[in-house]
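Working through the structure, step by step
Next come the chains, spelled out residue by residue.
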Amino acid sequence: MSDDQVFRTNYMQGMNKFNSARTRAFWKEMLNHLRGKSAELLSFEDIKQRLRLREESYRGLHNVPLDQIVGSVGRYREFTRDFLPKRGNMQERWSRVYAQATGMAGLPPIELYKVGDAYFVRDGNHRVSVAQQLKAKTIEAHVTELPTAVDLHAGMSAKDLDDATAYVAFLEETNLDSTRPHHVPLELSERGRYADLLGHIYMHKSILEHMAGREIDSQEAALHWYDTVFRPAITLIRKYNAMDALGVRTEADLYLWIVDHLLDVREEFGDDAPSRKVSDALVDFLKERQINVPESLEREDDQSMILSQTQMMRAIDEIATREAEDDDDEQD
């Protein structure tokens with residue numbers, strides 16, 4: 001049998017395979033519509049904008065797992081999430097790709113963008129679709145990576161993507177992904193609370209400005225907050241395995257609980273409430289959950305004190321008063 005005859009035979013088989021795939025795509029869309037779920041691929045342009053992706057670098061030729069390809073640069077509406085063809089006018093091209101894939105020559109590599117652990121088709125959507133129908137596990141691809149601070153992966157829900165978007169916005173506002181590229185994670189399980197985290201940073205900024213007598217850049221304040229407040233608090237949280245009491249929630253969630261708890265103490269006792277440390281709040285946290293408190297935690301001499309704004313301002317005034325008195329003594 002000549003190569004042309006083999007191609008025509010494979011092409012006709014591809015026509016039948018396409019019709020079968022097209023029917024499955026129709027029913028999958030109907031089922032997902034009834035369930036209120038999207039069967040579409042992710043839009044690379046949308047992800048790039050939401051995650052503020054700017055840099056990219058070529059990573060070479062790789063065999064990429066097909067189940068990690070979740071989106072497309074321009075054709076995300078033409079295929080279902082598992083690359084079933086959705087439009088009847090795709091039949092001829094799809095069948096030709098099928099005939100080439102099942103022939104002796106096979107298919108050339110596709111081109112992919114990599115974001116986190118997820119991939120997006122830059123060129124080769126039909127080849128991915130055909131490979132899926134041939135039940136291949138991987139596909140050869142030229143990979144270009146766009147680095148991101150979030151954990152993007154296949155199977156993320158719409159909520160997961162919204163959470164990732166909020167986290168990236170927080171990192172860009174604070175610039176911590178640049179000033180502290182290996183920072184401990186700051187993800188929150190409730191994206192609405194990033195505003196609370198930013199509020200704490202801006203309060204820290206106002207205190208720094210009073211102490212320095214000058215305006216402090218927001219990103220400089222965020223870096224100082226991370227180094228002197230957040231990171232020491234996370235160190236204590238990890239030291240005493242406090243996350244075990246939280247289940248699936250995050251370290252940043254526990255940090256905010258600590259801040260909220262210390263503010264609650266101030267509201268209960270007024271502005272004269274004693275200043276308390278993170279270790280004190282961790283003791284309260286464990287006791288509330290009837291968890292044994294390590295003796296070493298109760299004796300912890302940490303320097304991670306989180307004051308209320310009123311207490312901070314009072315401390316600043318006291319420092320200023322002492323400095324003024326020292327200046328008067330020197331003049332005498």
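Residues numbered from 1 in each chain as written. Predicted model: local features only at pLDDT ≥ 70, side-chain atom pairs only at ≥ 80, totals over all residues. Heavy atoms only, no water.

Quick look at the sheet that holds strand S4 (residues 110-115)
Pairing is mixed across the open sheet formed by six strands, whose spatial order is S1-S3-S5-S4-S6-S2. The open sheet has two edge strands, strand S1 (42-43) and strand S2 (57-65), and neither has a second partner. With respect to the sheet, helix H4 (residues 125-133) is in contact with strand S3 (69-72), S4, strand S5 (118-123) and strand S6 (138-145), its orientation differing from that of S5 by roughly 125 degrees. (Pairing = 2+ DSSP bridges. Helix = DSSP H or I, 4+ residues; strand = E, 2+ residues; numbered from the N terminus. Contact = heavy atoms within 4.5 Å. Axes fitted to C-alpha atoms, helices over the stretch in contact; angles between N-to-C directions.)

Points about the nonpolar core
Residues Phe 120 and Trp 225 are the most contacted members of the largest nonpolar core, which totals 54 residues. Of all the elements in the fold, those that place two or more residues in this core are helix H2 (44-50), S4, S5, helix H5 (158-174), helix H7 (194-212), helix H8 (218-239), helix H9 (251-269) and helix H10 (278-288). For this core, the leading source of residues is H8, giving nine residues. If near-sequence neighbours (up to four positions away) are discounted, Phe 120 is found in contact with Leu 42, Phe 44, Ile 47, Val 70, Gly 71, Ser 72, Glu 111, Leu 112, Tyr 113, Val 115 and Leu 152. Within the second largest apolar cluster, 22 residues are counted, among which are Tyr 76, Met 90, Val 128 and Val 143. (Core = buried A, V, L, I, M, F, W, Y, C linked by side-chain atoms within 4.5 Å. Buried < 20%, exposed > 50% of the residue type's maximum accessible area, 1.4 Å probe, protein only.)

Topic: the confidence of the model for the protein chain
Any residue range with low pLDDT should be treated as having predicted coordinates unsuitable for detailed reading. Here the protein chain averages 83 in pLDDT, while 81% of its residues score no lower than 70. Residue range residues 307-313 is modelled with pLDDT below 50. Its contacts to residues more than four positions away, or to other chains, number 17 contacts. (pLDDT = per-residue confidence, 0-100.)

A look at the packing of aromatic side chains
Counted under the stated rule, the structure contains 13 aromatic pairs. Centre to centre, the rings of Phe 79 and Phe 83 are 5.6 Å apart; their planes meet at 45 degrees, and the pair counts as tilted. The exposure classification of Phe 79 matches that of Phe 83, with both residues buried. (Phe/Tyr/Trp six-rings, centres within 6.5 Å; stacked < 30°, edge-to-face > 60°.)

A closer look at H10
Counting buried residues along H10, eight of its 11 residues qualify, which places the element largely inside the surrounding structure. When we look at burial in H10, the residues that qualify are Val 278, Ser 279, Ala 281, Leu 282, Val 283, Asp 284, Phe 285 and Leu 286. Gln 290 lies just past H10 and shows a positive phi near 55 degrees.

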